[in-house]
Amino acid sequence: YGCTQAPDEFKAPQDCRLTYNPDPKRVYVHVFAWPFKHLHLDGLADTGDGLYGHRSTTTILAIMKDSRIGAMGLVAVLCCLAAKWAGISSMEMNRSLWLLLVPAYSRGAVLIAIKSMPYGRPGGGTGHDFFEPPLEAADFWALALLAAGSLAMGWDALKINVGFVLIVSATL
């Protein structure tokens with residue numbers, strides 16, 4: 001993207017690197033660990049370790065409760081980060097709107113999963129309280145507002161709305 005090392009006059013914050021593009025005279029800050037000094041994708045790694053190991057349900061739940069990362073968890077994290085990097089770098093139009101809509105839709109998918117799936121641990125667990133009171137249709141008002149607000153993107157909105165419905169439907 002035409003960048004080189006940033007001039008010495010710019011000092012990089014801790015856990016960051018600076019690059020410089022001389023044409024538009026821009027300095028880019030690459031944040032490696034902020035604000036908690038590490039990337040936290042533990043739930044994704046646990047899910048990758050548990051589900052991609054092809055084991056029994058009790059073994060999967062034990063693996064997912066283990067705090068250490070395994071090979072399949074690392075693969076899941078790397079694939080997730082690569083997909084995010086590719087998605088963000090390929091955005092051209094409505095970038096800021098996409099960066100708001102995609103995380104909002106992913107949180108909405110969690111609500112739909114909680115509504116439509118039983119809790120994984122028969123004896124209960126830390127997330128059991130979220131499944132206890134059944135969600136009502138009124139709990140999804142934010143998704144309807146999100147879909148209506150995404151229409152500001154024009155035809156791109158149709159793509160993301162249909163894509164969201166297809167991905168969530170295929171997953172469940």
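To start, this report covers the structure provided alongside it.

Cut-offs used in this document
Residues numbered from 1 in each chain as written. Predicted model: local features only at pLDDT ≥ 70, side-chain atom pairs only at ≥ 80, totals over all residues. Heavy atoms only, no water. Pairing = 2+ DSSP bridges. Helix = DSSP H or I, 4+ residues; strand = E, 2+ residues; numbered from the N terminus. Salt bridge = Lys/Arg side-chain N within 4 Å of Asp/Glu carboxyl O. Buried < 20%, exposed > 50% of the residue type's maximum accessible area, 1.4 Å probe, protein only. Polar contact = N/O pair within 3.5 Å; in protein donor to acceptor, adjacent residues only side chain to side chain. Phe/Tyr/Trp six-rings, centres within 6.5 Å; stacked < 30°, edge-to-face > 60°. Patch = residues over 30% accessible without salt bridge, like charges linked within 9 Å, V, L, I, M, F, W, Y side chains within 5 Å. Areas by Shrake-Rupley, 256 points an atom, 1.4 Å probe, with all protein chains shown as cover. Expected span 1.5 Å × (residues − 1). Arc of directions from axis to C-beta. Contact = heavy atoms within 4.5 Å.

### As for the sheet that holds strand β1 (residues 4–5)
Strands in a sheet are paired, the pairing made by backbone hydrogen bonds, and the direction either parallel or antiparallel.
Stage number 1. Spatial ordering of the open sheet is given by β1-β2-β3, a layout of three strands whose pairing is antiparallel. Each of the sheet's edge strands pairs with one partner strand only, and the pair in question is β1 and β3 (26–31).
Stage number 2. Pairing of strand β2 (residues 16–21) with β3 involves six bridges; the strand directions are antiparallel. The residue bridging Cys16 from the neighbouring strand is Val31, located in β3.

### Structural notes on the pattern of salt bridges
Stage number 1. Under the counting rule described, the total for this entry stands at one salt bridge.
Stage number 2. Two residues, Arg68 and Asp66, come together in a salt bridge whose shortest N-O distance is 2.8 Å.
Stage number 3. We classify Arg68 as exposed; its relative accessible area is 61%.
Stage number 4. Exposure remark for Asp66: the relative accessible area of 26% places this residue in the partly exposed category.

### Observations concerning the side chain of Asn21
Stage number 1. Checked against the element boundaries, Asn21 lands in strand β2.
Stage number 2. Residue classification places Asn21 among the buried positions, given a relative accessible area of 9%.
Stage number 3. Of the polar contacts made by the side chain of Asn21, one reaches the backbone nitrogen of Asp23; its length is 3.2 Å.

### Things to note about the packing of aromatic side chains
Stage number 1. Considering all chains together, one arrives at one aromatic pair under this definition.
Stage number 2. Between Tyr105 and Phe164, the ring centres sit 4.6 Å apart and the planes meet at 40°, which makes this aromatic pair tilted. Taken together, the residues span a long stretch of sequence, with Tyr105 in helix α4 (residues 95–116) and Phe164 in helix α7 (residues 155–171) at a distance of 59 residues.
Stage number 3. Given the relative accessible area of 6%, Tyr105 is considered buried.

### Considerations on a nonpolar patch on the surface
Stage number 1. Taken together, the side chains of Leu51, Tyr52, Met72 and Val75 define a hydrophobic patch exposed on the protein surface, amounting to about 390 Å² of accessible area.
Stage number 2. Tracing the chain through its elements places Met72 in helix α3 (residues 71–90).
Stage number 3. The class for Met72 is partly exposed, based on a relative accessible area of 36%.

### Concerning the side chain of Thr19
Stage number 1. Counting through the fold element by element, Thr19 comes out in strand β2.
Stage number 2. Exposure remark for Thr19: the relative accessible area of 16% places this residue in the buried category.
Stage number 3. Here His30 takes part through its side chain, which lies 2.8 Å from a polar atom of the side chain of Thr19.

### Points about α4
Stage number 1. The end-to-end C-alpha distance of α4 is 32 Å, a good match for the 32 Å that 22 residues give at a rise of 1.5 Å each.
Stage number 2. All buried positions along α4 are accounted for by Trp98, Leu101, Tyr105 and Gly108. Buried residues of α4, seen end-on, are gathered within an arc of 95° and therefore sit on one face of the element. Residues of α4 that are exposed and angled more than 90 degrees away from the buried face: Ser96, Leu100 and Arg107.
Stage number 3. Elements that come into contact with the buried residues of α4 comprise α6 (141–149) and α7.

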